[in-house]
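Fold and geometry: a report
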Amino acid sequence: MISHKFSSRVLFIGAVILVAIVLTVVVSPRVSTTAQSGATDWQAIAAERGLTEADLRAAAMTYTPSGVMDEYVMFASAGQGGQVLAIGLPSMRLLRLISVFTPESWQGYGYGAGNEVLEQGFIDGQEILWGDTHHPALSETNGEYDGQWLFIGDKANGRVAVIDLRDFETKQIVHNPAFLNDHGGTFVTPNTEYIVEGGQYGLPLGGDYAPLADYQNSYSGMITFWKFDRDTGRIDYSQSFAMELPPYWQDLCDSGKGVSEGWIFCNSFNAEMATGGIESGNPPFEAGVSRGAVDYLHIININAAEAVFQNGGAVDIAGFNVIPLETAIANNLLYLAPEPRSPHGADVTPRGDFIVVGGKLDPHVSVYSFQRIQDTIAAGTTETDAFGVPVLPLESVLEAQVELGLGPLHTVFDNQGYAYTSLFLDSAVARWSIGAEGYRPQDGWTLISKTPVQYNVGHLAAAEGDTASPDGNYLVALNKWSVDRFLSTGPLLPQNLQLIDISQPGDFTQILYDLPITGAEPHYAQIIAADKLNAWEVYPEVGWDPFTQSVDPNAVLQGTEGITRDGNNVNVRMTAVRSHFTPEHVEIQAGDHVTWTITNVERARDATHGFSIPFYNINLSIEPGESITFEFDATRSGVFSFYCTEFCSALHLEMMGYLLIPE
Amino acid sequence: MTTKAISPTDGKAAGNTKQAGLRRWLKWLPSLTFVVAAALLLISISQPYWGLVLQAPQYPGGLQMRVFVNYMTGDEDPRLDEVREIDGLNHYIGMKSLYEAAKFERSIAIPVVILMIGLLLIAAGLQRRWTWVLTIPALTFPFVFLADLAFWMTNYGQNLDPYAPLSSAIQPFTPPILGEGVIGQFSTVAYVDTGWYIIFAGAVLIAIGLAIKLIGKLRTERG
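Scope of this entry: the structure provided in the associated data block. Keep in mind that this is a model prediction, so the values were computed, not measured.

The rules we used
- Residues numbered from 1 in each chain as written.
- Chains lettered and ligands numbered in written order.
- Predicted model: local features only at pLDDT ≥ 70, side-chain atom pairs only at ≥ 80, totals over all residues.
- Heavy atoms only, no water.
- Helix = DSSP H or I, 4+ residues; strand = E, 2+ residues; numbered from the N terminus.
- Buried < 20%, exposed > 50% of the residue type's maximum accessible area, 1.4 Å probe, protein only.
- Contact = heavy atoms within 4.5 Å.
- Areas by Shrake-Rupley, 256 points an atom, 1.4 Å probe, with all protein chains shown as cover.
- Lys, Arg positive; Asp, Glu negative; His and termini not counted.
- Charge placed at Lys NZ, Arg CZ, Asp CG, Glu CD.
- Core = buried A, V, L, I, M, F, W, Y, C linked by side-chain atoms within 4.5 Å.
- Buried area = accessible area lost by both parts, 1.4 Å probe.
- Salt bridge = Lys/Arg side-chain N within 4 Å of Asp/Glu carboxyl O.
- Nonpolar A, V, L, I, M, F, W, Y, C, P; charged D, E, K, R; others polar.
- Axes fitted to C-alpha atoms, helices over the stretch in contact; angles between N-to-C directions.
- Parallel < 35°, antiparallel > 145°, perpendicular 65-115°, else oblique.
- Left-handed = near helix turned anticlockwise from the far one by under 90°.
- 1 Å grid on protein atoms, 1.4 Å probe; cavity = no way out; pocket = protein on both sides within 12 Å on 5 of 7 lines; lining within 4 Å.
- Points joined across faces, edges and corners; volume = space filled by probe spheres on them.
- Polar contact = N/O pair within 3.5 Å; in protein donor to acceptor, adjacent residues only side chain to side chain.

A separate point is the overall build of chain A. What chain A contains, in helices and strands, is 10 helices and 42 strands. Judged by the C-alpha coordinates and their principal axes, chain A covers about 80 × 75 × 50 Å. Counting only residues that meet the buried cut, chain A has 58% of its 663 residues in that class. The contacts of chain A with a sequence gap of at least 6 include a subset with a gap of at least 24, amounting to 61%. Summed over all atoms, the accessible surface of chain A reaches about 26200 Å², with 52% contributed by carbon and sulfur. Considering chain A, the positive charge centre built from 32 side chains and the negative charge centre built from 79 side chains are found 8 Å apart.

In structure tokens, the structure reads:
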């Protein structure tokens, strides 16, 4: 207790000093006229700003001086922006925007570079230049984040992307042609053997058409298991497969770990198989899918499914390996367990022994025991759903139900045996105790406290909170609405990511920081200890191709620059270094097809050069050591002033040249 | 003299033996110092002779150049080629590329060091009146190295391209080969490094060897 008080005081003093410095800058004219000595007096400044002791504690816990590194990095999806954000904790500083499904000009992604990655995500030749990123998943080793790869799903078009955490850039986009949307992904198996992409809205498979009247017979659900090859850093399409599911609108999934390794769990919310049609007098989806008393937790044996796939049990649908539902049933790959109606979340506890399903429309979380599930499967069940999938009786698999409040959605875990569930309708985060051995048996299954958040909280992220050994310390509430939290910038408001201190046991929690996110809706996030990340400071060698993560044999070294021509094909070979491009005059002919390679021969950290050509829609970010090749057709004659778009040096403005195309 | 008083007969013999031993020792000690100096020369090849550290706000870890007898390099971190970086910065003030400096000296450095080692070994093994001359290259090597370095530093500092971007801000200057300096926003510290101390230690050993030789010669002439 004494040491706790002491450390609080230290934090308090630190925070006050910080606030004093800030106030010195902000209100010094005013203070200097009223109280000359007050300008540097932190207590006066705190009083002037109306800061409470709790505010100063929050400042002390989050303020990170210049040059001091954060403890954690949070990878948050950027929703319909099609990107991923990297945010430092506890400072809540935005560290990096990672372009994934959407072109982005700062990184030059899709404006001459990265096009080969974006093109992988086109479907049947259709350009798709955005995504709805939902659930980022860090690669894991033995159920722990290993800091090597990050995966992210695109809900809108059912795609998955691979990001290499050596350079924080997207390397691959894949699409399962049998299906066209996802939600319950991505999640990885405990050693990243598979990246799991759960589907969402029921569809006819393979992009076919079927009338909604034939929903039950012609529509399906789907879950895709993408095989990841660490050596190549790519998803192995040929070793990946999917499993057909009933059209129940599968939602959030999670991988089993520890005792439940080898199993996948997904909740669903349309066991009613409602098809909407409000305009025809039918119940709208929002009512139709919530009409029944129960939905189904899906329990999938991925090891058995892999064996069925490898033994030829999959069929080809639109060029993809799919295990049909009847095959899944026949091979005991899939079981269902009733859930309270229209739930959200299927979150596996750190030891892998329980699966927590949030009630959404029911004030409880339902906790399923993996042991009970196994026992019930072993004992056998006669009950099935309409498709013949075995249904495990709720009373035989349920461990506990904990009443938390209105709108329980998503649950994460800490190192003290607590679970945290977002309460969307209550706009609060519930801390509750896991009343089992290894967690907090002394407290039982019970609600401990609720922390109000601002507002409409969706997912939660805790430090390493969905691994086999959560860290505790920090929780982030990903709030959908910010309403009155920030200065108004018009009718479109930012999301509000709130950092919460969960380090103390019992009912003490505190909101430490509000981070407005203006890019899009950060749907889900994972928080990794910063020391697990080991990103390159510059590319390892000059001439590096980030797409292959190796030296490009076509890279340009100083002294080898030049322009060569073969008929109408012109090859421009250029280097960039502070503060000039070589060559500076590039003269070609109208009608030429131009292949242009630029190598940034810099080795200094942060010595990035941009490269843009007006009119031709080209803008690159060429990081130290990087080599980029782009192509375009010189359709328009004239003089085009190309220049470096990344402020690189004192002579940055002079870093330009002329592209000359005579008529 | 005192031994004589204690033991007049045996003492004299013992004294003679001792003096003979001392003479032998004095005769071969210079050779030993030459051999050790030769070994030090060989070892010095693996060590930097001279270094330069540049500090500026935008290089929080500083930039370092280390000059070996036959090449230049940055610090141990291979990610940043710091000589190249310094070279890149130097072009703003119109300084010539460092890779062009002392090219001839660097190209002959290893053969010359081996030659000096050979001469030292000959001087050690061949006890003639004139062989001390063979040690002069190794004896003067540390100072010749610094003199050559000073020549190139002055050459580079004084011959800046008058059309360089920063020519109006940075006038021709003489960079110090030892100690602190300032160039633009960079503060520099130049210092002799391990390799130079090793060849300097070799030179001191050679000087000691030659001194012993000289003393021995004077004694012989007197006796």
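Counting 53 residues, the largest nonpolar core has Leu41(B), Tyr49(B), Trp50(B), Met65(B), Val113(B), Leu120(B) and Phe141(B) as the members making the most contacts within it. Elements that contribute at least two residues to this core include exactly helix H2 (8–44), strand S1 (50–56), strand S2 (59–67), helix H3 (82–93), helix H4 (103–125), helix H5 (136–158), strand S5 (186–192) and helix H6 (194–222) of chain B. Counting residues per element, this core draws most heavily on H5(B), at 8 residues. In this structure Phe141(B) touches Leu41(B), Tyr49(B), Val69(B), Val113(B), Met116(B) and Ile199(B), once residues within four positions along its chain are discounted. Membership of the second largest hydrophobic core comes to 38 residues, among which are Val196(A), Tyr248(A), Leu252(A) and Val308(A).

Another point: the interface of chain A and chain B. Accessible area lost when the parts come together is the quantity often used to give the size of an interface. In this assembly, 12 residues from chain A lie in contact with 10 residues from chain B. When the two sides are added together, the surface that chain A and chain B hide from each other amounts to roughly 850 Å², 47% of it contributed by carbon and sulfur. By the criterion of area lost to chain B, the three top residues of chain A are Arg578(A), Arg603(A) and Leu651(A), representing 52% of everything that side buries. For the interface between chain A and chain B, the tally reads 1 salt bridge. Arg578(A) is the salt-bridge partner of Glu85(B), the closest N and O atoms lying 2.4 Å from each other. Of the residues assigned to the side of chain A that touches chain B, the class counts are 4 nonpolar, 4 polar and 4 charged.

Take the packing of H4(B) against H5(B) next. Residues and elements named next belong to chain B. Between H4 and H5, whose axes approach to 11 Å, the crossing angle comes to 165°. On the basis of their axis angle, the class for H4 and H5 is roughly antiparallel. Note on packing geometry: the crossing formed by H4 with H5 is right-handed. The segment H4 lies against H5, with Glu 105, Val 113, Met 116, Leu 119 and Leu 120 engaging Pro 137, Ala 138, Phe 141, Asp 148 and Trp 152.

Before going further, it helps to examine the layout of surface pockets. Residue and element names in this part refer to chain B. Within this model, the second largest pocket holds a volume of roughly 720 Å³. Lining the second largest pocket are 18 residues, with Ile 212, Lys 213, Gly 216, Lys 217 and Thr 220 positioned closest to its centre. Among the secondary structure elements, those contributing two or more residues to the lining of the second largest pocket are H2 and H6. With 8 residues, the single largest contributor to the lining of the second largest pocket is H6. Residue classes in the lining of the second largest pocket are distributed as 6 nonpolar, 5 polar and 7 charged.

This paragraph deals with helix H2 (residues 42–49) of chain A. For H2(A), the N-terminal cap is Asp41(A); the gap from its side-chain oxygen to the backbone nitrogen of Gln43(A) is 3.0 Å. Just beyond H2(A), the residue with positive phi is Gly50(A), at close to 70°.

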